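# Examination of the molecular architecture
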Amino acid sequence: GQIPPSTMVSGQWQQFGYRLTNSGSANGTSTARLEKNGQLVASRTMGLPNNWLAMHLGKSGNGKMNAEVAEVIAYDRSLTDVEMRDISAYFYNKY
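So, here's what we can say about the structure. Keep in mind that what you see is a predicted model, and the values were worked out from it rather than measured. (Residues numbered from 1 in each chain as written. Predicted model: local features only at pLDDT ≥ 70, side-chain atom pairs only at ≥ 80, totals over all residues. Heavy atoms only, no water.)

## As for the environment of Gly-11
Here Gly-11 shows up in the segment before strand E1 (16-22). On a C-alpha basis, the gap between Gly-11 and Ala-67 in space is 9.0 Å, while along the polypeptide they are 56 residues apart. (Helix = DSSP H or I, 4+ residues; strand = E, 2+ residues; numbered from the N terminus.)

See the structure below:
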């Protein structure tokens with residue numbers, strides 16, 4: 001999912017977390033959660049991507065995000081709320 005433009009604040013450090021959790025249902029749906037600075041910004045149910053190579057970081061529609069990305073951490077599973085808080089604390093201490 002795309003980050004709504006009003007969610008991003010120019011000139012401020014912000015942390016975004018994106019979780020995609022497979023529901024385990026036969027129809028292949030998942031729940032996508034977008035978090036900003038540890039708070040839920042958006043959530044929706046969607047189909048699983050057919051091709052993970054089609055996912056982009058820093059792209060909005062046909063344009064590109066005008067921002068710097070300090071660090072990306074990727075896991076092969078959806079993280080728990082506790083793990084997301086731990087990573088948030090890691091970023092706040094590091095940056």
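## A word on the pattern of salt bridges
Tallied over the entire structure, the rule returns five salt bridges. Note that Asp-81 is salt-bridged to Arg-19, the shortest N-O span being 2.8 Å. Here Asp-81 is found in helix H1 (residues 81-94), whereas its partner Arg-19 is found in strand E1, with 62 residues between them in sequence. Two residues, Arg-77 and Glu-83, come together in a salt bridge whose shortest N-O distance is 2.8 Å. We classify Arg-77 as partly exposed; its relative accessible area is 44%. Residue classification places Glu-83 among the partly exposed residues on the basis of a relative accessible area of 25%. (Salt bridge = Lys/Arg side-chain N within 4 Å of Asp/Glu carboxyl O. Buried < 20%, exposed > 50% of the residue type's maximum accessible area, 1.4 Å probe, protein only.)

## Some thoughts on the packing of aromatic side chains
In total, this model carries one aromatic pair according to the counting rule given. Centroid distance Tyr-90 to Phe-91: 5.3 Å. Interplanar angle 55 degrees. Geometry classified as tilted. Given a relative accessible area of 9%, Phe-91 falls into the buried group. (Phe/Tyr/Trp six-rings, centres within 6.5 Å; stacked < 30°, edge-to-face > 60°.)

## Considering the sheet that holds strand E3 (residues 39-47)
An order of E1-E2-E3 is seen for the three strands of this open sheet, with the pairing classed as antiparallel. This sheet does not close on itself; its edge strands, each paired only once, are E1 and E3. Averaged over all pairs of adjacent strands, the angle between strand axes in this sheet comes to 15 degrees, irrespective of strand direction. Where strand E2 (residues 29-36) meets E3, eight bridges bridge the pair, whose relative direction is antiparallel. Within the sheet, the bridge partner assigned to Thr-31 lies in E3 and is Thr-45. (Pairing = 2+ DSSP bridges. Axes fitted to C-alpha atoms, helices over the stretch in contact; angles between N-to-C directions.)

## A few points about unusual backbone geometry
Even without glycine at this site, Asn-37 takes up a positive phi of about 50 degrees. Relative to the helices and strands, Asn-37 resides in the loop between E2 and E3.

## Some details on the layout of surface pockets
In this structure, the second largest pocket spans a volume of roughly 170 Å³. Taken together, 14 residues make up the lining of the second largest pocket; nearest its centre are Glu-35, Gly-38, Asp-81, Met-84 and Arg-85. Of all the secondary-structure elements, those providing two or more residues to the lining of the second largest pocket are E1, E2 and H1. The element contributing the most residues to the lining of the second largest pocket is H1, with four residues. Looking at the lining of the second largest pocket residue by residue, the classes come out as three nonpolar, five polar and six charged. (1 Å grid on protein atoms, 1.4 Å probe; cavity = no way out; pocket = protein on both sides within 12 Å on 5 of 7 lines; lining within 4 Å. Points joined across faces, edges and corners; volume = space filled by probe spheres on them. Nonpolar A, V, L, I, M, F, W, Y, C, P; charged D, E, K, R; others polar.)

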